[in-house]
Amino acid sequence: MAQDRRTSFTRHHSQDIRSTSAPGGVEHAVRVELDGLVKQMPEGPEKDKFSKEMDDFYRLFQRYHHEKKHSKPLGKSAPDVLIACGRADENERPSDRLSVSASPLIRTPKQQQNTFFTHNNSHHHQPLCRDWEKVRGPKPEDVIAYKDLPAKEFKEVSPLLNKLAVLKLNGGLGTTMGCVGPKSAIEVRDSQTFLDLTVQQIEYLNEVSGADVPLILMNSFNTDEDTSKIVQKYNTHNVSICTFNQSRWPRFKTDSNLPLAHTPENRPGYWYPPGHGDLYEAFANSGLLDQLLEDGKEWVFVSNVDNLGATVDPAILQHMADTGAEFVMEVTDKTKADIKGGTIIDYDGQVRLLEIAQVPKAHVDDFKRVKKFKIFNTNNLWISLKAIKRLVEKHDLELDLIVNHKTTDDGTAVIQLETAVGAAIKHFSNSHGVNVPRSRFLPVKSTSDLFLVTSDLYLLENGQLRMNPKRTFQTVPIVKLGDHFKKVNDYLARFKTPPQILELDHLTVTGDVCFSADVTLEGTVIIVANHGAHIDIPRGAVLNDKVVSGDLRLLDH
């Protein structure tokens, strides 16, 4: 496949959408504003692309406006009240969901930032969890155990690999870790970035299998320019790299519902990338979906670019081919750290993804119990390309609508409409989960995660991290680094070298603490520097089940 970025876009007619807007109504006013933005674009492919994006946005806005008008106030009968809040962000763990709200429009102060609606295909007000009694754990056939899949090597599935593409969600910035530019450009191991490791992984599997698996990056307008420059360094590697942009949608004012932008110019704060659920439409609109199908590809493996455990697995690929499944979601066992993670359920006989945000308040504790909901979504997804094309062309993808409330720098209250990619599981045939080992979920969302992946806990082979066999228990330690370590540069300045943690169970560090070289941490270690104090952990120190206080006294824990 050529490495040039695709510039062709498919224009979908929007006549039916516009005819539903009654003159004088809110929807009509928004449609007029969107048409005005489109008219300002010069003729050509970019205008066609932008026009399609505005049509897609308008379709979702109509759903939002319909639900807003028909939602019931707090205190109405529970079965008719839509219950949900959260956000779709590829930089967020499945467990990083917010608590629930009792109504989409009446929320407690802590819940005002993120709220979403759920819908069915008829656009009527029909929340997923309106009847909790219908929520069941997944049927045995809905979640397959990875250990029951026959083991495969890359060479054994070479014909299938030639029908596979790998897609990384690459729309996020590294700002939460104090970095500038795409998060995929952050160095995470041996001076190598997320993107470096991804390229190594695919290059290796292409070499050992003789296949041609392309790498596709779904960028946002925040990451596209920098990513396009970065990928040039891989031109000599044995991997074809293509990129495309997810949509650019306008924020709209909370009071008037009208777009904040008056021109299509990409002014900061006026536009946003609408969550990774936009993958399906943006993938099709870019022309890459059709190109991959023409090239004989049948499946795409989708994952977050910051999940270092999300590598091509030949056993799951063979499973896709053998079962004819159109959608497979990798799930893994919950721990106490994952109690808020979304899970696969059986709802009224249908496989669904249930997020904590969709759970009635009275049942949140029930949802968090590991004994009842034992798995959570890793956001590693295996999807049929033909199925994506079919569902997009028929406009059959009705994903849960996320309403994300924001405030601009000048104090204007605005709304972003977003969707999440995993919510599409309900629309694909024979969709189900595969319960994979925890090693396939290794996200780096914070410097605490970075601490783990840079340590001797993992070995790096062909771009893939694997647990060091010298570790007695194949579990990941709990690490909590305080605010002094929050930004990557601050974190790096506080460790002369990564500590040795093969026998570590738990580490908590707060305050102004620095580590010299060759430090070993074992068991449970808690280091606390009180306000105004400073702690230097000396070179070669071995801390085993210790509490280190502000005056550097070592106490048995």
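Just so we're clear, the structure is a prediction, and the values are computed from it rather than from any experiment.

Within the protein chain, the regular secondary structure consists of 13 helices and 28 strands. In the protein chain, which comprises 557 residues, the share counted as buried stands at 56%. Residue pairs in contact within the protein chain that sit at least 24 positions apart in sequence constitute 72% of those at least 6 positions apart. For the protein chain, the computed accessible surface area is about 23600 Å², with 50% contributed by carbon and sulfur atoms.

What follows deals with the UniProt feature "binding site: UTP" (unreviewed entry) in the protein chain. Using the residue numbers shown here, the UniProt feature "binding site: UTP" (unreviewed entry) corresponds to Lys183, Gln246, Gly275, Asp306 and Lys445. Its location among the elements puts Gln246 in the loop between β8 (241-245) and β9 (249-250). For Gln246, a relative accessible area of 4% corresponds to the buried category. Within the secondary structure layout, Asp306 lies in the loop between β12 (299-304) and α9 (314-323).

Attention now goes to the pairing of strand β19 (residues 432-435). Bridge count for strand β3 (residues 143-145) against β19 is three bridges, and the pairing is parallel. Considered in β19, the bridge of Val143 is made with Gly433. Here strand β13 (residues 327-333) runs beside β19; their pairing, made up of four bridges, is parallel. Across the sheet, residue Glu330 finds its bridge partner in β19, namely Val434.

Attention now goes to the sheet that holds β12. Spatially, β3-β19-β13-β16-β12-β4-β7-β8 is the arrangement adopted by the eight strands of the open sheet, whose pairing is mixed. Edge positions in the sheet fall to β3 and β8, since each of these pairs with one other strand and no more. Between one strand and the next, the sheet's axes are offset by a mean angle of 25 degrees, whatever the strand orientation. Bridge count for β12 against strand β16 (residues 375-384) is four bridges, and the pairing is antiparallel. Considered in β16, the bridge of Val302 is made with Leu381. Contacts between helix α7 (residues 279-286) and the sheet are confined to β4 (164-170), β7 (215-219), β8, β12, β13 and β16, with β8 contributing the most and set at about 115 degrees to the helix.

Attention now moves to the sheet that holds strand β14 (residues 343-347). Pairing in this open sheet of three strands is antiparallel, and the strands run β2-β14-β15 from one edge to the other. In this open sheet, the two strands that pair with only one neighbour each are β2 (135-136) and β15 (350-354). Relative to β14, β2 runs antiparallel, the two being bridged by two bridges. Note that in β14 the partner of Arg136 across the bridge is Asp346.

Bringing the side chain of Thr343 into the picture now. Tracing the chain through its elements places Thr343 in strand β14. For Thr343, a relative accessible area of 2% puts it in the buried group.

Moving on, we come to the packing of aromatic side chains. Taken as a whole, this structure holds 18 aromatic pairs when the rule is applied. Judged by centre distance (5.6 Å) and plane angle (50 degrees), the ring pair of Phe451 and Phe495 falls under tilted. Taken together, the positions of Phe451 in helix α12 (residues 447-453) and Phe495 in the loop between α13 (488-493) and β23 (504-510) put the pair 44 residues apart, joining distant regions of the chain. The two residues Phe451 and Phe495 agree in class, both being buried. By way of ring pairs, the aromatic residues Phe57, Phe61, Tyr64, Trp249 and Phe252 are connected into one cluster. Positioned over the ring face of Phe367 is Lys334, at 4.4 Å from the centre of the ring. Against the face of Phe485 rests Arg494, its NZ or CZ located 5.6 Å from the ring centre.

As a further point, take the UniProt feature "binding site: substrate" (unreviewed entry) in the protein chain. Mapped onto the present numbering, the UniProt feature "binding site: substrate" (unreviewed entry) falls at His276. As for its position among the elements, His276 is in the loop between β11 (271-272) and α7. We classify His276 as buried; its relative accessible area is 4%.

Right, let's talk about the packing of α7 against helix α11 (residues 385-393) for a bit. Relative to each other, α7 and α11 sit at 95 degrees, their axes nearing to 10 Å. Judged on the interaxial angle alone, α11 and α7 are roughly perpendicular. On the side of α7, the interface is formed by Tyr280, Glu281, Phe283 and Ala284, while α11 contributes Leu385, Ile388 and Val392.

Here we take up the packing of helix α2 (residues 26-39) against helix α3 (residues 45-70). α3 packs onto α2 with a crossing angle of 165 degrees between their chain directions and a minimal axis gap of 10 Å. In this view, α2 runs roughly antiparallel relative to α3, as classed from their interaxial angle. The interaxial crossing formed by α2 with α3 has right-handed handedness. In this structure, α2 uses Val26, Glu27, His28, Val30, Arg31, Leu34, Leu37, Val38 and Lys39 to contact α3, whose residues at the interface are Lys47, Phe50, Ser51, Met54, Asp55, Phe57, Tyr58, Phe61, Gln62 and His65. Of the residues in the contact of α2 with α3, the class split is 10 nonpolar, four polar and five charged.

The tendency in soluble globular proteins is for nonpolar side chains to be buried as a group. Core analysis: the largest hydrophobic core is formed by 40 residues, its most contacted members being Phe451, Phe515, Leu521, Ile527 and Ile537. Broken down by element, this core gets its largest block of residues, four residues, from α12. Two domains each donate at least three residues to this core, and these are domain 1 (132-440) and domain 2 (447-550). Excluding its chain neighbours within four sequence positions, the residues that come into contact with Ile527 are Thr508, Val509, Thr510, Val513, Phe515, Ile535, Ile537, Leu543 and Val548. By size, the runner-up hydrophobic cluster in this structure holds 39 residues, among which are Leu169, Leu288, Phe327 and Phe428.

Criteria and thresholds
Residues numbered from 1 in each chain as written. Predicted model: local features only at pLDDT ≥ 70, side-chain atom pairs only at ≥ 80, totals over all residues. Heavy atoms only, no water. Helix = DSSP H or I, 4+ residues; strand = E, 2+ residues; numbered from the N terminus. Buried < 20%, exposed > 50% of the residue type's maximum accessible area, 1.4 Å probe, protein only. Contact = heavy atoms within 4.5 Å. Areas by Shrake-Rupley, 256 points an atom, 1.4 Å probe, with all protein chains shown as cover. UniProt positions renumbered as here; feature names shortened; annotations may be inferred. Pairing = 2+ DSSP bridges. Axes fitted to C-alpha atoms, helices over the stretch in contact; angles between N-to-C directions. Phe/Tyr/Trp six-rings, centres within 6.5 Å; stacked < 30°, edge-to-face > 60°. Lys NZ or Arg CZ within 6 Å of the ring centre and 35° of its normal. Parallel < 35°, antiparallel > 145°, perpendicular 65-115°, else oblique. Left-handed = near helix turned anticlockwise from the far one by under 90°. Nonpolar A, V, L, I, M, F, W, Y, C, P; charged D, E, K, R; others polar. Core = buried A, V, L, I, M, F, W, Y, C linked by side-chain atoms within 4.5 Å. Domains from an automatic or database assignment.

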